[in-house]
Amino acid sequence: MRRSLIALLSCIFVASTITSVHSLGNSEALIIDHNYTDLSIIPDYRIDLVQANIKLHYAHTSHGSQLTYGLSFVQDSDPAFQVAIGTSLPDVAGALCVLDGQEGPTYITPELYWQTPYGMSLTSSVLNTNPTINVSMWSWCTQLDYYTVGEVQAY
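Note that the structure is predicted; figures quoted are calculated from it, not measured.

Here we look at the packing of aromatic side chains
Move 1: Throughout the structure, instances matching the rule amount to eight aromatic pairs.
Move 2: Plain terms: the ring middles of tryptophan 140 and tyrosine 147 are 5.7 Å apart, the flat faces sit at 90° to each other, and that makes the pair edge-to-face.
Move 3: Among the residues examined, tryptophan 140 registers a relative accessible area of 24% and is labelled partly exposed.
Move 4: We classify tyrosine 147 as buried; its relative accessible area is 12%.

Shown next, in the form of structure tokens:
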């Protein structure tokens, strides 16, 4: 779980960094090793940048809830990593705001996020209803055990 959580935080960090690097016209490469788990090296200004600018839509099946629980554990260990997670998009200043699921349900299979027209309409509805969301992601569970390359590429 810790590595998955670090991967999620790294993705969010990368999104904020790409935004800030792009806005500064800087083309310096950024390499993040997801195996490194020392959160204390993340500068406070980066945490603040993510909390102020990233509004996350996170869909997942059961195992994906490990990331939302993990974010809560990180917050408990260091209040600088404040997070607000809800089944509707929270609006909490100074927190990473996360809409968990698809406007109500939180157990989201591929068919309910991206794999079917119905799932795409649910995801579009979340994004249309919450125009401040600027990152939307879905977490794999066991699908990679049996999905074909084509199914993975479709995602």
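Observations regarding the nonpolar core
Inside soluble globular proteins, nonpolar side chains tend to come together where they are buried.
Move 1: Within the largest apolar cluster, 10 residues are counted, these being Val50, Ile54, Leu56, Tyr58, Leu67, Leu71, Val83, Leu96, Val98 and Met137.
Move 2: Counting residues per element, the ones that place at least two in this core are strand E1 (55–60), helix H3 (65–77) and strand E3 (96–100).
Move 3: Grouped together as the second largest cluster of nonpolar side chains are seven residues, Ala84, Leu89, Cys97 and Val126 included.

Quick notes on helix H2 (residues 44–53)
Move 1: Taken together, the buried positions of H2 are Arg46, Ile47, Val50 and Gln51. Across the axial projection of H2, the buried residues extend over an arc of 130°, all falling on one side. H2 presents Asp44, Tyr45 and Ala52 as exposed residues on the side facing more than 90 degrees away from its buried surface.

Quick look at H3
Move 1: End to end, H3 covers 19 Å across 13 residues, agreeing with the expected 18 Å (1.5 Å per residue, within 8%).
Move 2: Of the positions making up H3, those classed as buried are Ser65, Leu67, Thr68, Gly70, Leu71 and Val74.

Definitions and limits used
Residues numbered from 1 in each chain as written. Predicted model: local features only at pLDDT ≥ 70, side-chain atom pairs only at ≥ 80, totals over all residues. Heavy atoms only, no water. Phe/Tyr/Trp six-rings, centres within 6.5 Å; stacked < 30°, edge-to-face > 60°. Buried < 20%, exposed > 50% of the residue type's maximum accessible area, 1.4 Å probe, protein only. Core = buried A, V, L, I, M, F, W, Y, C linked by side-chain atoms within 4.5 Å. Helix = DSSP H or I, 4+ residues; strand = E, 2+ residues; numbered from the N terminus. Arc of directions from axis to C-beta. Expected span 1.5 Å × (residues − 1).

Purely spatial values, then, with no claim about function.
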